[in-house]
Protein chains: 2
Amino acid sequence: MTSEIQEKGQRAKAASYMLNIKTTCEKNEALKKIAEQLLIDQHDIMAENAKDLAQGEQQGIPASTLDRIMLNEERIAAMADAIHLLVSLNDPVGTIVEHIEKDNGLRIEKRIVPLGVIGMIYEARPNVTIDAATLSLKTGNAVILRGSSSAKFSNMALVASIHRALAKTSIPTDAVQLIEDTSRETAKELFHLKEYLDVLIPRGGKALIDLVVNEATVPVLETGAGNCHIYVDEMADYIKAEKICLNAKTQRPSVCNAAESLLIHQAWFKEHGVQLLTALHHAGVTIIGDEQVCQQFEAALPATADDYATEYLDLKISVKLVENVYEAIEHIQYFGTNHSEAIITEDQLTAETFLNNVDAAAVYHNASTRFTDGFEFGYGAEIGISTQKLHARGPMGLPALTSTKYVIHGNGQIRE
Amino acid sequence: MTSEIQEKGQRAKAASYMLNIKTTCEKNEALKKIAEQLLIDQHDIMAENAKDLAQGEQQGIPASTLDRIMLNEERIAAMADAIHLLVSLNDPVGTIVEHIEKDNGLRIEKRIVPLGVIGMIYEARPNVTIDAATLSLKTGNAVILRGSSSAKFSNMALVASIHRALAKTSIPTDAVQLIEDTSRETAKELFHLKEYLDVLIPRGGKALIDLVVNEATVPVLETGAGNCHIYVDEMADYIKAEKICLNAKTQRPSVCNAAESLLIHQAWFKEHGVQLLTALHHAGVTIIGDEQVCQQFEAALPATADDYATEYLDLKISVKLVENVYEAIEHIQYFGTNHSEAIITEDQLTAETFLNNVDAAAVYHNASTRFTDGFEFGYGAEIGISTQKLHARGPMGLPALTSTKYVIHGNGQIRE
């Protein structure tokens, strides 16, 4: 028997074959219609969103999570604006990235094509519903969305609005489908829907991502955790160090590109360490230090080995003294999650050593790790930040949602 | 306790950090030394290979498999030649593929870097040992090789020769490691060695690939099966059709880019069908046809639904009549494996319909599917042919063994 998920998969695959040959113009028209429809439907959407919020409050969901679920006129307007920005972006599909002419007359083109069907599995934030649907559409992909139960009514209202918009266009409504049943069973089925899904993208906490990576047989684009470090070198400029550490830790502690660990050169620490830690402490940051740090800085709490491996996502930072850049690199190689890593130094050679040897999606010299972001990089869109090395690494814009295809033109050539 | 596999993983990771910063010149020197050493050691290698062959004969391994295992002076010389060709190829590592200057003064570079540690799991052919080791080395990756028991002695001799060569260079011998224990347990451990492996590449039959795809938590580059079709359109030129069908089916039936299924337009079949099938039949090909084909062509055996899904890898072909290009596309979408698909037609519009709508790594107009190959495409090297859409699709040359990294140069920038 065909399950609901398999049936959605089938329909998404069929839709993807139709999307595959839509022009950029057709896709952009559909996107504009979606932006328009969201504004038309905003009161319905907010009414459904209120159900999620009421249910969440009843279930004692933390206020910070409820805030992520909450939709108001401003946030819906921001969604519509983001779609208009997306319309203005370049469509990568159809571009010929390689052209080979062989002596036997074969002409080989390598063309950018959509991935096909994208599975998106995510938590709380209903804006991911709109992001994933519109970025997929722009790149000619069908998408199957599986949000969390905490945003179920909001997601249903948003997808209903998308369907109303698509019904007015040449794009099939099956191009965007929501799995309404948010049980574990539907997630598991999605993990193994290899026949119809070309990729599965999880967005959410470490538990969700680990589950998907460990269970899925569908290829996964891992948007992983960020245990990001800042190494403050012997030759660090104090002003830059303080500014960057404060920004990377406190500007938005709950995100993956926030700093979680400070590695400080022994000699620099002697001179500036207490001043830097005091500044962080005054900004509300709890300092979790190694033995030396605790000796020098009273407010510090002692770090365990676990601390160095922890992504706090909170106003907390682990601090460890190191002898040199090599010890810093070794520590990062061991404890890092290959997300974003920074060095603060005025010594160009030490900076190069760090930038070349640290294995991460983004490595920074004298800048905050908070810049690892598709919008900050100027991509105009972001489907997530990849911490794996295959296919896409770092902030993923539209090209991450595409694949390639060789198109070969012959006139009877055979292989000798 | 650390197992042998974990320990090899650790050492490969450490080696990859050293390789990561080796120059193209250093890597090429090491490659040349390997080519040299293989020739020096050829008698040892052949003696060890003879053990595999003797054991294989005793175990009743088919002659065709034994031929794939067999090494002689000529084949070892060919390995050395392939390495010299590899030396001459462009090293993709270090290339800056994107350069972004932000208004705030940040300079963002996207650099090509090695993947890190590659796990290669393969069957029979000892030449994969050399291919995988040298392609990995050229791109700055460490590699863990896990061949099959049928080529165990050959693989050990080849890796010993590589180690002797590397010992004379600045490249650590841990860059190339062989898992000598070819039990299922070591394969399973490799599937989950996520801490150390950046990618796992299976090369072999469908059973091996399916096992890896279904079990591995390490990201996989799927080098899949090829159930390749040729659609002979109403407007096909007979000479081209016969030449291409014969080539795609018979030139080397055991490989993944050989044709396995013929879809023939009804009207064309009426005029030329028997002639084409007779030509194939005379070339030793067994015709497995649908009802109409069996009625018209006496030597045809009746096809079951399974036949259309089967990669024969043999002198056998399934033949089905279709009403038009759309039916052909639909059949391919259902039964194809997204490898290589061809249309034979003189009608440009029909060709475009086929090329745009068929979802495969390589789509051909009036040429043999046998061209899907890294060497034929002019890449000078090939680690396999990807049938997945993430990361690499089609013949994978050196770029498929690389990732990217954002390197960001600042002077104190923070995110507002």
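Treat the numbers as computed from the prediction; the structure is a model and nothing was measured. (Residues numbered from 1 in each chain as written. Chains lettered and ligands numbered in written order. Predicted model: local features only at pLDDT ≥ 70, side-chain atom pairs only at ≥ 80, totals over all residues. Heavy atoms only, no water.)

A few points about the domain arrangement of chain A
All names here are of chain A.
Phase 1 of the analysis: One can read the domain layout of chain A as domain 1 (4-224 + 387-409) and domain 2 (228-371).
Phase 2 of the analysis: Averaged C-alpha coordinates put domain 1 and domain 2 at centres separated by 35 Å.
Phase 3 of the analysis: Counting from both sides, the interface comprises six residues of domain 1 and, opposite them, eight residues of domain 2.
Phase 4 of the analysis: Summed over both sides, the interface of domain 1 with domain 2 buries roughly 540 Å², with 44% coming from carbon and sulfur.
Phase 5 of the analysis: At the boundary of domain 1 and domain 2, one finds two salt bridges.
Phase 6 of the analysis: Residues aspartate 359 and arginine 393 are paired through a salt bridge, measuring 3.0 Å at the closest nitrogen-oxygen approach.
Phase 7 of the analysis: Taken together, the connections running from domain 1 to domain 2 amount to two residue pairs in polar contact (both at pLDDT 80 or more).
Phase 8 of the analysis: The residue makeup of the side of domain 1 that touches domain 2, split by class, is no nonpolar, three polar and three charged. (Domains from an automatic or database assignment. Contact = heavy atoms within 4.5 Å. Buried area = accessible area lost by both parts, 1.4 Å probe. Salt bridge = Lys/Arg side-chain N within 4 Å of Asp/Glu carboxyl O. Polar contact = N/O pair within 3.5 Å; in protein donor to acceptor, adjacent residues only side chain to side chain. Nonpolar A, V, L, I, M, F, W, Y, C, P; charged D, E, K, R; others polar.)

Concerning the interface of chain B and chain A
Phase 1 of the analysis: With 73 residues of chain B at the contact, the number on the chain A side is 73 residues.
Phase 2 of the analysis: Together, the buried faces of chain B and chain A total about 6,300 Å²; carbon and sulfur atoms form 51% of this surface.
Phase 3 of the analysis: It is Leu390, Tyr406 and Arg415 of chain B that lose the most area in chain B upon contact with chain A, and together they represent 14% of the buried surface on that side.
Phase 4 of the analysis: Counting across the chain B and chain A interface gives eight salt bridges.
Phase 5 of the analysis: If you list the elements that add at least two residues to the side of chain B that touches chain A, you get strand E1 (96-101), strand E2 (107-114), helix H9 (206-215), helix H10 (238-250), helix H15 (348-357), strand E13 (362-367), strand E15 (394-396) and strand E16 (402-413) of chain B.
Phase 6 of the analysis: Looking at the side of chain B that touches chain A residue by residue, the class counts come to 31 nonpolar, 24 polar and 18 charged.
Phase 7 of the analysis: Looking at chain direction, strand E16 (residues 402-413) of chain A and E13 of chain B are connected through five bridges and run parallel. (Helix = DSSP H or I, 4+ residues; strand = E, 2+ residues; numbered from the N terminus. Pairing = 2+ DSSP bridges.)

Observations regarding the pairing of strand E12 (residues 340-344) of chain B
Residue and element names in this part refer to chain B.
Phase 1 of the analysis: In terms of residue burial, E12 counts as a mostly covered element, since five of its five residues are buried.
Phase 2 of the analysis: What you see with E12 is no split at all: Ser340, Ala342 and Ile344 on one side and Glu341 and Ile343 on the other are buried throughout.
Phase 3 of the analysis: Relative to E12, strand E7 (residues 228-232) runs parallel, the two being bridged by four bridges. Opposite valine 232, over in E12, you have isoleucine 344 as the bridge partner.
Phase 4 of the analysis: In the sheet, E12 pairs with E13 via four bridges, with the strands oriented parallel. Of the residues in E13, the one forming a bridge with alanine 342 is tyrosine 364.
Phase 5 of the analysis: Between the parallel pair E12 and E13, the chain is carried across by H15, and the sense of this crossover is right-handed. (Buried < 20%, exposed > 50% of the residue type's maximum accessible area, 1.4 Å probe, protein only. Right-handed = clockwise from strand over helix to strand, strands pointing away.)

Considering helix H9 (residues 206-215) of chain A
Residue and element names in this part refer to chain A.
Phase 1 of the analysis: Looking only at H9, the buried set comprises Leu208, Ile209, Val212 and Val213. With its buried residues spanning 125 degrees around the axis, H9 presents them on a single face. Seen from the open side of H9, the exposed residues pointing more than 90 degrees away from its buried face are Lys206 and Ala207.
Phase 2 of the analysis: Buried residues along H9 sit against strand E3 (117-122), helix H8 (184-191) and strand E6 (199-203). (Arc of directions from axis to C-beta.)

Comments concerning the packing of helix H3 (residues 42-58) of chain B against helix H7 (residues 152-166) of chain B
To characterise two packed helices, one gives the angle between the axes of the helices and the distance between these axes.
Residue and element names in this part refer to chain B.
Phase 1 of the analysis: One way to put it is that H3 packs onto H7 with a least axis distance of 7 Å and a crossing angle of 160 degrees. Here H7 runs roughly antiparallel to H3, going by the angle between their axes. In this structure, H3 crosses over H7, and the sense of that crossing is right-handed. Residues Asp44, Ile45, Glu48, Asn49, Lys51, Asp52 and Gln55 of H3 pack against Lys152, Phe153, Ser154, Ala157, Leu158, Ser161 and Arg164 of H7.
Phase 2 of the analysis: Here the residues of the contact of H3 with H7 sort into four nonpolar, four polar and six charged. (Axes fitted to C-alpha atoms, helices over the stretch in contact; angles between N-to-C directions. Parallel < 35°, antiparallel > 145°, perpendicular 65-115°, else oblique. Left-handed = near helix turned anticlockwise from the far one by under 90°.)

A few points about the sheet that holds strand E12 (residues 340-344) of chain A
Phase 1 of the analysis: With respect to topology, ten strands assemble into an open sheet ordered E10(A)-E9(A)-E11(A)-E8(A)-E7(A)-E12(A)-E13(A)-E16(B)-E2(B)-E1(B), the strand pairing being mixed. A strand with exactly one partner marks an edge of an open sheet, and here the two such strands are strand E10 (301-302) of chain A together with E1 of chain B.
Phase 2 of the analysis: As paired strands, strand E9 (residues 286-289) of chain A and E10 of chain A are joined by two bridges and run parallel to one another. The residue bridging glycine 289 of chain A from the neighbouring strand is proline 302 of chain A, located in E10 of chain A.
Phase 3 of the analysis: Of the strands in this sheet, strand E7 (228-232), strand E8 (259-265), E9 and strand E11 (316-322) of chain A are in contact with helix H11 (residues 266-282) of chain A, which crosses E8 of chain A at around 145 degrees.

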